[in-house]
Structure formats: C-alpha cells, structure tokens
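Commentary on secondary and tertiary structure
In case you want the letters, here they are:
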Amino acid sequence: MEMSIGILIAFLLSQVVHIGTQEEGEKGCVPGFQVKEYQVEFNRGFQKDHPLTQMLFDDCVGNEGMAFEVSHPDFQVDEEMNLVARRDVMDSGTVMFIHGVNEHAEDMAQVDIVGALPRSPQTLREILGLGQIQPYRSKRALFAPRMHVSENMEPPFPKVIGTLEVSVTDQNGKLVEGPVALLVDVNDQNDNRPIFKETRYAGEVLEGSPTGTVVMTMTAEDADDPRLQNAVLRYNIVRQSPDKPSPNMFYINPESGNIVTVISPTLLDRETLPTTQYELEIVAQDMKGRDVGLTGTSTATITITDKNDHAPEFTHSLFQANVDEGSTGVVVNLTVDDRDDPATGAWRAIYSIIKGDPTQSFEIQTNPDNNEGMLSLIKPLDYESLVFHTLLIKVENEDPLVPDVGYGSSSTATVHITILDVNEGPVFFPDPLQVTKMENVPLGSFVALLNATDPDVLQSQSIRFAVLRDPANWLSVNPVRGTVNTSANLDRESPYVQDNKYTAIFMATDNGSPPATGTGTLVIHLEDYNDNAPYVHPSVVRVCEDARDSVVIVGGRDKDIHPNTGPFKIELGKQPGLENTWKVSRVNNTHAQIMLLQNMKRANYQLPLVVTDSGLPPLSNSTEIKVQVCTCKKNRMDCSGAGSVRSNLILLLGLVLLSLLCL
C-alpha cells in the first residue's frame, strides 16, 4: 500500500509539471517518458510474461542503467521496456503507475486498464489510508520525483511548472507525514558547438620517426553539460594537404586528440617528400561523434624536421687552380651538395686539409651563404721552390651523422694548384744593413756596400741601385756596384738623427719585363766627435744687493755625449779685478756656485765666464750671463727698480778701483 501511495503522489506531481512543459518536446529530446499515458485491454486477466505494452522512455543519452518501479506488485518492466505480469493476474485494477529513473532522467507514466474491475479500496481516501482513525501507523515514505525542465524554452514567459508541498494528515487535520522537497532539474540541450583553443596548431615530427610517433595534441572544449553526451567529443581528420605520398599520413585519436604518424619511417623522408609541411583540417564533434552532434574545426600544421641522414658530397672529385707566386687570398671555391635542411647543422659544411700542406700555407673557410669552401693562401708561395701543389680536402657537417649513415669517398676531393712565375723584385740582404761611422768624416768617405739579389734565379737579370729616401741628403750610391759614400758632413747632433742613428732607404731595380723593384734600409750608427763647445745655464740669474745673501748656482751643458761633455770647469773670465767682486767655486762635476763678495747697487750686470768640457781635446767657451742685483727683504726679492746698467769691463774696473781707494 505504501509503495502505491508514493507512486500515485509522484504521478500527480509529474502531471502538474507535465502540463507546464509539454512544449519542450517540440525543440529537442526531453528526458523521460515520451508518452505519459498508456491504455491496455483487460481480457479476463493477464498471463505471466505476456507483454501488455512497451514503455517509451528516453534519457537522451542512451538509457544506460534504467530502473522501473510499478505500483502493482504483480507487474514489472522487462529489459526491452515491456510491461509484463510476474504471474497470471486476474485482479489488476483499472490503473497502474510506472516510475522510471537513472542518473540522467526520472519520470512517471500512467497505464489505464480498460475493462478491468477496480481494486479495493477504490477511493483516494482509502488508498491513502485515511478511512479510519488508527492509534498508530508506521511512517510512509512519501516520494516527490524530480521535475525536469529543458533549457532554451520558447516564449511566452513566465511558464508555470507548478509548486507543491506534499504531506499527509488524519481526519482531524493532524500532520501525519511530510512535507517533502520538490527538486526541479534543468535538462541540458546540445546548443554549444565544440571550440578549439586555437584556430591553428603547429607541431613537428622528425623525419624517419617510427609509425605511431605522437606529433601533437588537439584540444577542444564544449560548454554543454559534461555529464551528458552533449559535451562528449570525438576528433577526426577530414582533410590532409597535400595528400601525397598518402592521404592518410597521420591519424588522430578520436578521444584524446593525439595526432600520430601512420606513414612508415622509410616514406617519412624529408628529402623525398613533396613538401616539408602538411596541413590537417581537424573536426571535433560532440554527442560522441554521432551525426546529430555539433562540430568545431581547427587546422594543424605539421613540419617534417630534418635529421643529418645525408653526408655532404663534393660536386667534383678534382678541383684545379692557378695562382701567381708571392700572392695571397682565395685560390678556389670548393662546392658540395647536401640534401639536408639548409641553414642547419646537418647542412653546414666544415672543410679541412688532411694532406699536402706541410708548411700550413693554406686555410679553408666556409661561405655561410652558399656552404662553399673558400680555399685561401695565407703564406706566399715561391715558383722557384715548388711549382705544383696537391691537397686532399675533407668535408663534414657541423652535426654528427645518424648512426646508419657515414662519410664516403665523395666527401673528399683533390685540389691541384699550379704556381705561376712572376718577375719578383730584388731582395736586400741583410735588411736592414747596419754600420757605424764617426760624425764629421770627410766628404766622399765610404759608408757601406749594398747587397741585393734577384729571386728569379731561372732568369739572368741585372740590378741597379738608387737612393729612395735620404732625409738629410748626406749619401750617394753607385748604381751598379751599390757602394754608399758621404756627400755631406755626418752630424750626430742633427735633428735627422734619432738615438744616434741615421736611417736611409735604397731601391734596387731589375731589368725584367716589366721591371721589378725592391727596397732595403741602411742604418748608420754615428759616433760622437767633440765638435760642440759647452755653455752655461741658466743665462740669467738674480742675487741680493746685500753680499751676505748673494749666492746662485749655474751649470754647464754640451750637445755632445760622453766622454765629450762633463765634468765641466766653470770659472770667471780673464778680465782683471773680477775676483774682488765675484767668486766662482765648484759644486760638482756639472755645476758651480757664484757668490757676490761685496754690496752692489740694484742693477743688471753682464758677468763674463769661461766653461770647458772634458773632451779630447777639450773645448772651451767664453760666455756671459746676466746677473740681476735686487733688493731682498723678509724673504722677498724686489728686482723691479733695477736699471739696465751694463757691467762692462770699464764699469767693473771703476768699481774695483773705487773700492781700493776707500780702504
């Protein structure tokens, strides 16, 4: 009885909801019974396992896990959703209620039995057990089934789907059971297409990869209910461009979206494929990929990347070149073919000389634009020494080759280089030529003999000499013999002499066709001759008019060098009486002290001195220095009032006589 009451109440609720939601079926699948009321004929009862009618129930996702409950205990719904009797039934009553439910849908249906007699009790009050007052009754399990409302309902709005409070009261209105909650589910419609996160995807796969290698993963999203098939996606490749060598080079896992290779590793060869990029059009479809599902589209671009499976090969096994002797630079460009991807380490070439260059006169650099090897001479070659050179060249890639590929004979080449004879200029030996000479030697004195030879030993050629650079014009050269003589005095103290060395450059020219020249340097180390008299420095000194404070220091200087310079001897001039006013005394090898012996008026005086060097023979120089006699007070020297009185010989003698008379 309790089960019948619950099913009946649930049916009444479903009818209220159904009144407000019949329009939903017009738009799409509405989960639940597709027919709410059924009729069957009562023909003197129902036989066991004989179908009365088929229940039309659809949860819109496949009806998995369906369970049905019938209000009459002698009836059930079998696996094919047929309503059948569990046994032979004569007392079926006039109505039954069917409750269907799974995780996706829940609904009620009514079955009317035409021609059957009512079961007892017959009234609703009796069915609910309200016909008499009972001191006690067990609690019934009131049941309010979920209501289902489809999304995207069409106008007009609002739509009443009904509200209940379900409870049971006795004859006196006392609450016996309830109320129960009423749950309304909004059923999802498949109204959202799958959307890829990106309109274009990019992936890479290495050439020669095994079949089944994962290239990339495509991912789309669907905004519908993820619990329903509305959001269950399946992926498919609908187009591959280009479609060579096979239209099915790739496969996409329908559920995960992983794109994998189908083509064999042998055919997945970057160098033989018609292109290195393939474009796939990917479709994602909901409803598990069924035809009624909605779709979304994206593009996947797959690049076949290169591996170093091709060794570089020379385009020729032999290269030849001619080069002038004595020259440097690029001799020949070596060309190679490499089928790997340009501008990668699998394509870029590295060249090396493995034989034929014992003096390391050659080098090879790779041209980054065309991968050619530029064979260059970095040391000049001599025709007279060796005419023919043979080099063995090897080429490799920056990246190592794959294990099953090696470098063959085509990865080496031979280069024949022929040296062409060129008329070379004469060569001086030694260069520079260094000699030592005394300065001031007589004009026409022999200085040096130039030596130059012609490298072209296979030719008979003569050589003539000439002066190319002679800064002071001191030298001349015999054009045939190469003898160098003086044409002017050699002066060690000349500004053209640096660090006692004079440098001149000479030229030698052969009579070849065309003539060739060579240059050589002559360095003359000049020895000093005592030809410069010494002098006193400074040339102007100041003393105080008070003889007690009148002391100055002067020094000797000489343009010559040791031993023709100091020690210097500095002394007073030979004029009589100077020794009574001035005193000169030696301080060291180069300096002397001048002292005023008596007070003198403030004025300027010219003091004669004699300075002598230590050369052999020694040179002396009679000179004068200017002595300013100044007023000195409190460590200050005032020379502003000094007159321009010249301390000539007469004035000095007068001062001496005056001093003698005063004694």
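Quick note: structure is the one above.
A few points on the structure.

Reading the values: the criteria
Residues numbered from 1 in each chain as written. Predicted model: local features only at pLDDT ≥ 70, side-chain atom pairs only at ≥ 80, totals over all residues. Heavy atoms only, no water. 1 Å grid on protein atoms, 1.4 Å probe; cavity = no way out; pocket = protein on both sides within 12 Å on 5 of 7 lines; lining within 4 Å. Points joined across faces, edges and corners; volume = space filled by probe spheres on them. Helix = DSSP H or I, 4+ residues; strand = E, 2+ residues; numbered from the N terminus. Contact = heavy atoms within 4.5 Å. Disulfide = S-S within 2.5 Å. Buried < 20%, exposed > 50% of the residue type's maximum accessible area, 1.4 Å probe, protein only. Polar contact = N/O pair within 3.5 Å; in protein donor to acceptor, adjacent residues only side chain to side chain.

**Comments concerning empty space enclosed by the protein**
Scanning all chains against the criterion turns up one cavity of 30 Å³ or more. One number sums up the size of the largest cavity: a volume of about 60 Å³. Lining the largest cavity are Phe428, Phe429, Pro430, Leu433, Leu449, Leu450, Asn451, Phe506, Gly520, Thr521 and Leu522. For the lining of the largest cavity, the leading source of residues is strand β40 (residues 517-527), giving three residues.

**What about the environment of Tyr251?**
Within the secondary structure, Tyr251 is located in strand β19 (residues 250-252). Between the C-alpha atoms of Tyr251 and Ile263, which are 12 residues apart in sequence, the distance is 9.5 Å. Tyr251 has contacts with Ile237, Asn258, Ile259, Val260 and Val262, leaving out every residue within four places of it along the chain.

**Overview of the state of the cysteines**
What the rule picks out here adds up to three disulfides. Paired by a disulfide, Cys29 and Cys60 hold their sulfur atoms 1.7 Å apart. Note on the Cys29 and Cys60 pair: the S-S dihedral is about -90°, so by sign convention the disulfide is left-handed. With a gap of 31 residues between them, Cys29 in the loop between α1 (2-21) and β1 (32-33) and Cys60 in the loop between β4 (57-58) and β5 (67-70) connect regions that are remote in the sequence. With a relative accessible area of 19%, Cys60 lands in the buried category. Here Cys630 engages in a disulfide with Cys639; their sulfurs sit 1.7 Å apart. Judged by the sign of its S-S torsion, about 105°, the cystine formed by Cys630 and Cys639 is right-handed. For the residue pair Cys630 and Cys639, the accessibility class agrees, reading buried in each case. When the bonded cysteines of the protein are counted from the start of the sequence, the pairing works out to 1-2, 3-5, 4-6.

**Digging into the environment of His591**
With respect to the element layout, His591 can be found in strand β46 (residues 591-596). What makes His591 partly exposed here is its relative accessible area of 33%. Measuring from C-alpha to C-alpha, the distance between His591 and Gly566 comes to 9.8 Å, with 25 residues separating the pair along the chain. Apart from the residues within four sequence positions on either side, His591 is in contact with Ile553, Val554, Gly555 and Arg586. Polar contacts involving the side chain of His591 include one to the side chain of Thr590, which spans 2.7 Å.

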